[in-house]
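# Fold and contact review
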Amino acid sequence: MIYDVIVIGGGPGGMMAAISAGKNRKVLLLEKNESLGKKLLLTGGGRCNVTNNNSVDFIIQNIIGNGKFLYSAFSKFNNRDIIKFFNERNATLKEEDHGRMFPITDSSKTILNALINELNKNNVVIKTNAKVKCFKTEGNLIKEVILKNNQSYQGKNIVLATGGLSFPKTGSTGDGYRLAKSVGHTVTALSPSEVPITSNEEFIINQTLMGLSLKDIQLSVLNNKNKRVVTHRSDMIFTHFGISGPAALRCSSFVLKQNTPETTLHLDCLPDYSQGELLKEIKAFDNKKSLKSFFKQFLPERLIEFYVRDIVGIPLNRLNDQQIIDSVYKFKNFTFKVNGTLPIEKSFVTSGGISLKEVNPSTMKSKLIDNLYFAGELLDINGYTGGYNITAALVSGYVAGLIG
């Protein structure tokens, strides 16, 4: 049988491409794992932050790696369409903080089941344990997809949606990059994005703050001139190797872009207050009491002790005016050095991918191979956590599946 469309990769982008194509075509979906959506099941802590309910412009801004490339695709299928898609398929979504959309069941299986049910409804042929070895080409076309076991399939059109390099245990091992290169495509430099940050600071090595979570802080990456490159306000956690949590993940790619052995981060634990406002409130609070007593209203005691004792170098009892000023300054302006991130295998997202210069943004079609399309993280597109990456995968997959 010659299929109208062969989709390679059973993640969100590949499944949506197969669904989109399967409405009026014979479609084959090939997945190297024993089941579909292995990585999808892990997203959002197993709850699956499937999209975001903010405006298209807002979403594009949060797809920091070449998000503007998707404007044309969003005109055909966007986050509102994603929400409608799942709401109409027994996978009702609910909105949480920052516009994040989750299934009301709080289970990623709900999202996966909705996609699989739609694949079956559209009569998509699904073959698992099907690792693609290579393409057989003829001129400017891919004529056959050959599996590792040497079984082959013929398709009029091919959609490549094999994901990046993050979470390799789920099957994201870079197969798509190899296949794309084999037919002449360029793959830009690959690096981790949305990944915990590492540090050799003494307080990290000694695990002084390990496990300490901070809510609603402001974290900035500074360049070598001490100018802020990027600032994010969210939560953060100290770990045995450095820092993690949403604020750290969002800063990670900017740490790597500094391309220096060490980068300085600036932490403001009380972004809603200026230094002057804090000093005024301390004075009104009663500065006969220790600084610790005041700040316990806002911050964990362990952090207060670290700031005052280990950084400012004074005991946690009655402080003179200058010591209070020095302490408050540190609460607003704590800087520390980081030396990189965990490896790409530990990242949530892969930065880099198929060069967008070689892909038509309106169709996701290759500019080099007449019957090849791309979808998902394989492309040189990456966003912050918050539903943006799955949105990009679903949107690009839907448009690729239109075979336009």
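As shown above, the structure is provided for reference.
Okay, so let's go over this structure. (Residues numbered from 1 in each chain as written. Predicted model: local features only at pLDDT ≥ 70, side-chain atom pairs only at ≥ 80, totals over all residues. Heavy atoms only, no water.)

### Some points on the packing of aromatic side chains
The geometry of an aromatic ring pair is captured by the separation of the ring centres together with the interplanar angle, meaning the angle of the planes. Inspection of the entire model under this criterion finds 16 aromatic pairs. Ring plane angle 35° and centroid distance 6.0 Å describe the contact between Phe-306 and Tyr-307, whose orientation is recorded as tilted. We note that Phe-306, like Tyr-307, is buried. Taken together through their ring pairs, the aromatic side chains of Phe-203, Phe-238, Tyr-273, Phe-294, Phe-295, Phe-298, Phe-306, Tyr-307, Phe-331, Phe-334 and Phe-336 make up a single cluster. The aromatic ring of Phe-102 is capped on one face by Arg-47, whose charged end is 4.0 Å from the ring centroid. When the ring centre of Phe-85 is taken as reference, the NZ or CZ atom of Arg-89 above it lies at 4.0 Å. (Phe/Tyr/Trp six-rings, centres within 6.5 Å; stacked < 30°, edge-to-face > 60°. Buried < 20%, exposed > 50% of the residue type's maximum accessible area, 1.4 Å probe, protein only. Lys NZ or Arg CZ within 6 Å of the ring centre and 35° of its normal.)

### Describing the packing of helix α1 (residues 12-21) against helix α5 (residues 108-121)
As a packed pair, α1 and α5 sit with axes 9 Å apart at the nearest point and diverge in direction by 30°. Here α5 runs roughly parallel to α1, going by the angle between their axes. Regarding α1 and α5, the two cross each other, and that crossing is left-handed. Contact residues: Met-15, Met-16, Ala-18 and Ile-19 in α1; Leu-112, Leu-115, Glu-118 and Leu-119 in α5. In terms of residue class, the contact of α1 with α5 is made up of seven nonpolar, no polar and one charged. (Axes fitted to C-alpha atoms, helices over the stretch in contact; angles between N-to-C directions. Helix = DSSP H or I, 4+ residues; strand = E, 2+ residues; numbered from the N terminus. Parallel < 35°, antiparallel > 145°, perpendicular 65-115°, else oblique. Left-handed = near helix turned anticlockwise from the far one by under 90°. Contact = heavy atoms within 4.5 Å. Nonpolar A, V, L, I, M, F, W, Y, C, P; charged D, E, K, R; others polar.)

### Here we look at the sheet that holds strand β3 (residues 51-52)
In space, the three strands of this open sheet follow the order β3-β5-β4, with antiparallel pairing throughout. Each edge of the sheet is formed by a strand with only one pairing partner; in this case those strands are β3 and β4 (93-95). As paired strands, β3 and strand β5 (residues 100-103) are joined by two bridges and run antiparallel to one another. When the bridges of β5 are listed, Thr-51 appears paired with Met-101. (Pairing = 2+ DSSP bridges.)

### Some remarks on the side chain of Glu-194
Counting through the fold element by element, Glu-194 comes out in the loop between β10 (191-193) and β11 (197-198). Although Glu-194 is buried, it makes no salt bridge; Arg-250 carries the closest opposite charge, 5.0 Å away. Of note is the side chain of Glu-194, whose polar atom sits 2.8 Å from the backbone nitrogen of Thr-385. With residues up to four places along the chain from it excluded, the contact list for Glu-194 reads Leu-249, Arg-250, Ser-252, Ser-347, Phe-348, Val-349, Gly-383, Tyr-384 and Thr-385. (Lys, Arg positive; Asp, Glu negative; His and termini not counted. Salt bridge = Lys/Arg side-chain N within 4 Å of Asp/Glu carboxyl O. Polar contact = N/O pair within 3.5 Å; in protein donor to acceptor, adjacent residues only side chain to side chain.)

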